[in-house]
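Coordinate inspection notes
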Amino acid sequence: MQPEGGPGTGEAAHFRALESLYARAPINGLFESRLEIVRAGVARIRFALDERHFHAAGAAHGTGYFKMLDDAAFYAVNSLVTDRFLLTTAFNLHFTKPLTAGPVIAEGHWVSGKRRVFVADARLIDADGEEAARGTGTFMRSRIALAGLPGYAQ
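Here we summarise the structure given alongside this text. Just so we're clear, the structure is a prediction, and the values are computed from it rather than from any experiment.

Rules of the game
- Note that residues are indexed from 1 along each chain, following the sequence as it is written.
- Restriction of local features to residues with pLDDT of at least 70 applies here, the model being predicted, together with a cutoff of 80 or more for giving and counting side-chain atom pairs; totals for whole chains, interfaces and linings are based on all residues.
- Working from all heavy atoms in the structure, the side-chain values ignore hydrogens and water.
- When DSSP finds two or more bridges between a pair of strands, those strands are recorded as paired.
- Runs of H or I in DSSP of at least four residues are treated as helices and runs of E of at least two as strands, each being numbered from the N terminus.
- In this description, a line fitted to the C-alpha atoms serves as the axis of each element, helices being fitted only across the stretch in contact, and the angle between N-to-C directions of two axes falls anywhere from 0 to 180 degrees.
- The criterion used for residue contact is that any of the two residues' heavy atoms lie within 4.5 Å.
- Helix span, as expected, comes to 1.5 Å for every residue beyond the first.
- A simple rule labels every residue: compare its accessible area, found with a 1.4 Å probe on the protein chains alone, to the largest value its type can have, and call it buried under 20%, exposed over 50%, or partly exposed in between.
- In these notes, a set of buried Ala, Val, Leu, Ile, Met, Phe, Trp, Tyr and Cys residues joined through side-chain atoms within 4.5 Å is what counts as a nonpolar core.
- We define a salt bridge as a side-chain nitrogen of Lys or Arg found within 4 Å of a carboxyl oxygen belonging to Asp or Glu.

1. So, the sheet that holds strand 4 (residues 102-112)
Strand pairing within a sheet occurs via backbone hydrogen bonds; the two strands may be parallel or antiparallel. Read from one edge of the open sheet, six strands run 1-2-4-5-6-3, paired in antiparallel fashion. Of all the strands in the sheet, the pair left with one neighbour each is strand 1 (32-39) and strand 3 (84-95). Each neighbouring strand pair of the sheet contributes to a mean axis angle of 25 degrees, computed without reference to strand direction. As paired strands, strand 2 (residues 42-49) and strand 4 are joined by eight bridges and run antiparallel to one another. By the bridge assignment, Arg44 is partnered in strand 4 with Glu107. Across the face of the sheet, helix 1 (residues 11-24) comes into contact with strand 1, strand 2 and strand 3 while running at roughly 165 degrees to strand 1. Set on the sheet, helix 2 (residues 62-78) makes contact with strand 1, strand 2, strand 3, strand 4, strand 5 (117-125) and strand 6 (131-145); between it and strand 3 the angle comes to about 135 degrees.

So, in structure tokens, the structure goes:
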């Protein structure tokens, strides 16, 4: 599937603009992370977890799992849509292992959808290369133009 958009919008420019948008989002000031759009329909985010992200039992809180999985799936899908910001409408996640301090990779992959509603999968990989969680989300086009968002500049 090729990204949609008007003339003069290159795929690589769109990917870099999404990466910039991610970096500028205020929520990402709470996480040490970096987004990379690998190719159309695939996004990878590298996170560094530390004790600030832990629950009382000393492992990453579920909110962090959700954020990492949702972001990876979201950007995998938004890499295919050049005109509108997408919104998460549902997300289902499965925890398979606790995460502690250290690097985590969230990787999202577009599964289906071409116009208004999209589906994407994501998984979290810990420093040992083991899967710690996976999720599936649905995303839909909003009325918010990407071009009007701070940080999204091609």
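2. Focus on helix 2
Helix length check: helix 2 (17 residues) gives 24 Å between terminal C-alpha atoms against 24 Å at 1.5 Å per residue, within 8%. Burial of helix 2 is extensive: 14 of the 17 residues sit out of reach of the surface.

3. Section: the nonpolar core
Membership of the largest hydrophobic core comes to 37 residues, with the highest contact counts inside it found for Phe47, Met68, Tyr75, Leu99, Leu124 and Phe139. Broken down by secondary-structure element, the contributors of at least two residues to this core are helix 1, strand 1, strand 2, helix 2, strand 3, strand 4, strand 5 and strand 6. By residue number, the principal contributor to this core is helix 2, which donates nine residues. Not counting chain neighbours up to four residues away, the residues in contact with Phe47 comprise Tyr22, Phe31, Glu32, Ser33, Met68, Asp71, Gly102, Pro103, Val104 and Ala106.

4. Digging into the environment of Asp50
Summarising the element assignment, Asp50 is placed in the loop between strand 2 and helix 2. Residues Asp50 and Ile144 lie 94 residues apart in sequence; the distance between their C-alpha atoms is 34 Å.

5. Here's the deal with the pattern of salt bridges
What the rule picks out here adds up to 10 salt bridges. Here Asp83 and Arg141 are joined by a salt bridge, their closest N and O atoms 2.8 Å apart. Placement of Asp83 in the loop between helix 2 and strand 3 and of Arg141 in strand 6 is noted, with a sequence separation of 58 residues between them. On the basis of relative accessible area, Arg141 is assigned to the buried category, the value being 13%. Where Arg123 meets Glu131, a salt bridge forms, and the shortest distance between an N and an O atom there is 3.5 Å.

Honestly, that's just the spatial picture; any functional story needs more than this.
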